[in-house]
Amino acid sequence: MDFNVKRLAADAGTFLSRAVQFTEEKLGQAEKTELDAHLENLLTRAECTKHWTEKIMKQTEVLLQPNPNVRIEEFLYEKLEKKVPSRVNNHELLGQSMIDSGNEFGPGTAYGNALIKCGETQKQIGAAEKEFIQSSAINFLTPFRNFLEGDFKTILKERKLLQNKRLDLDAAKTRLKKARAADARAVPLSTTSPPGDVGYTANFAFMVNFLHVKWLKAEQDLKMTQSEFDRQAEITRLLLEGISSTHAHHLRCLNDFVEAQTTYYAQCYQYMVDLQKQLGSFPSTFSSNNNQSLASGGASISVPTIPVSASLPAAPGRASSGFSELRSSSGSRKARVLYDYDAAGSSELSLLADEVIMVSSVPGMDSDWLMGERGNQKGKVPITYLELLN
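So, here's what we can say about the structure. Since the structure is predicted, the reported quantities are computational estimates derived from the model, not experimental observations. (Residues numbered from 1 in each chain as written. Predicted model: local features only at pLDDT ≥ 70, side-chain atom pairs only at ≥ 80, totals over all residues. Heavy atoms only, no water.)

1. Regarding the packing of aromatic side chains
Evaluated as defined, the whole model comprises 10 aromatic pairs. Seen in terms of ring centroids, F132 and Y264 are 5.1 Å apart; in terms of plane orientation they differ by 10°. Their pairing is stacked. Taken as a pair, F132 in helix α5 (residues 110-189) and Y264 in helix α7 (residues 243-280) lie far apart in primary sequence, 132 residues in all. The pair formed by F132 and Y264 is uniform in burial state, with each residue classed as buried. Here the aromatic residues F132, F140, F144, F257, Y264 and Y265 are joined through ring pairs into a cluster of three or more. The side chain of K380 reaches across the aromatic face of W369, ending 5.1 Å from its centre. (Phe/Tyr/Trp six-rings, centres within 6.5 Å; stacked < 30°, edge-to-face > 60°. Helix = DSSP H or I, 4+ residues; strand = E, 2+ residues; numbered from the N terminus. Buried < 20%, exposed > 50% of the residue type's maximum accessible area, 1.4 Å probe, protein only. Lys NZ or Arg CZ within 6 Å of the ring centre and 35° of its normal.)

Here it is, written out as structure tokens:
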């Protein structure tokens with residue numbers, strides 16, 4: 001119990017000394033030990049890193065989840081360490097509405113079939129968006145958050161300790177300065193003591209000796225606080241120099257984020273190109289009738305169309321005699337690839353422009369696809385990317 005009381009009294013004395021030193025520094029009544037320029041630059045760099053990491057992370061969260069209410073809900077689930085319930089995103093909702101309406105109008109009708117195909121594509125885009133969000137959260141947001149909640153909090157703790165050690169050092173300097181001044185004033189007075197006054201001389205000698213001991217103790221305190229300050233400054237400097245490693249790690253995370261974005265947008269582009277071709281295979285008279293019926297409601301209405309041939313070479317029609325004969329037979333034929341195709345899944349086969357592969361029809365397969373073979377590789381290929389060879 002005595003030890004605890006002494007410890008509490010010592011801590012209170014240290015706290016009071018720091019408070020006095022801090023107040024006098026603010027009032028300009030005490031000197032302040034300045035940190036070296038290198039350490040100050042490291043501290044500034046750490047603060048800058050923290051500021052922009054927070055801002056980038058916040059804006060990325062807004063990009064991945066624009067709905068603020070959903071972000072708050074996900075944050076609460078994370079703090080409660082509970083699994084976030086799976087949600088249907090907007091693309092999937094739109095896709096399901098299109099599929100339901102297409103089935104209502106009839107899959108056999110041109111409009112109903114187009115709605116179903118659009119809905120399936122929207123659901124594919126929705127699934128790709130979920131993969132992108134999950135990948136970005138793991139590979140980009142999590143490392144940023146770990147830095148703010150881990151490494152930077154450690155830096156703040158050590159920086160606070162450095163500030164306390166600096167206050168202790170400056171307080172020790174002030175005490176030594178006062179002790180030296182008191183000792184200097186006492187020495188001249190020793191020569192002016194009344195002659196023959198033994199009691200006065202003894203008391204004065206005791207006071208001089210006391211002041212000298214106090215001076216020596218102040219010097220020891222200064223050496224100790226200087227050593228503690230230098231040690232804490234070195235610890236803080238090593239931690240702050242680790243910010244360079246943090247930047248290198250965040251750079252790798254940024255590359256992962258860009259790669260995830262590239263994959264996501266490439267998938268969306270491929271899905272839409274495939275959908276555009278499928279919609280382009282509908283009878284032209286159907287779209288012409290739609291344009292005419294819209295134009296009949298107003299003289300200046302025009303409906304723009306996006307031709308597939310604007311960005312991709314033309315492919316043979318689905319109803320060409322060659323593909324019809326191939327589907328009706330059980331054999332296989334050679335086909336030339338018109339342009340590159342990246343497989344969207346393990347059941348498909350990636351293609352390179354101008355290569356020749358073997359294709360065959362499989363019972364039950366969608367009429368837009370054939371089974372392709374290249375050596376030991378086998379998988380589905382879209383017929384719009386192929387030209388049958390004689």
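2. Here we look at unusual backbone geometry
Most peptide bonds are trans, and most residues other than glycine sit at a negative phi. Residue D354 is not a glycine yet carries a positive backbone phi of 75°. The topology assignment puts D354 in the loop between β1 (332-337) and β2 (356-360). The exposed category is assigned to D354, whose relative accessible area is 54%.

3. Focus: the side chain of Q232
Here Q232 is to be found in helix α6 (residues 198-241). Among the polar contacts listed, one links the side chain of Q232 to the side chain of E158, at a separation of 2.7 Å. Leave out the neighbours within four places in its chain, and Q232 touches E158, L161, L162 and K165. (Polar contact = N/O pair within 3.5 Å; in protein donor to acceptor, adjacent residues only side chain to side chain. Contact = heavy atoms within 4.5 Å.)

4. Points about the pairing of β2
Taken together, the five bridges between β1 and β2 define a ladder with antiparallel strand orientation. Note that in β2 the partner of K334 across the bridge is M358. Across three bridges, β2 lies against strand β3 (residues 369-374) in antiparallel orientation. Bridge pairing in β3 links V359 to G372. (Pairing = 2+ DSSP bridges.)

5. Thoughts on the sheet that holds β3
In spatial order, the strands read β4-β3-β2-β1-β5; together these five strands make up an open sheet with antiparallel pairing. Because the sheet does not close on itself, it has two edges, and the strands there are β4 (377-382) and β5 (386-388). For this sheet, the mean angle separating the axes of adjacent strands, direction not counted, is 45°. Across six bridges, β3 lies against β4 in antiparallel orientation. By the bridge assignment, L370 is partnered in β4 with V381. (Axes fitted to C-alpha atoms, helices over the stretch in contact; angles between N-to-C directions.)

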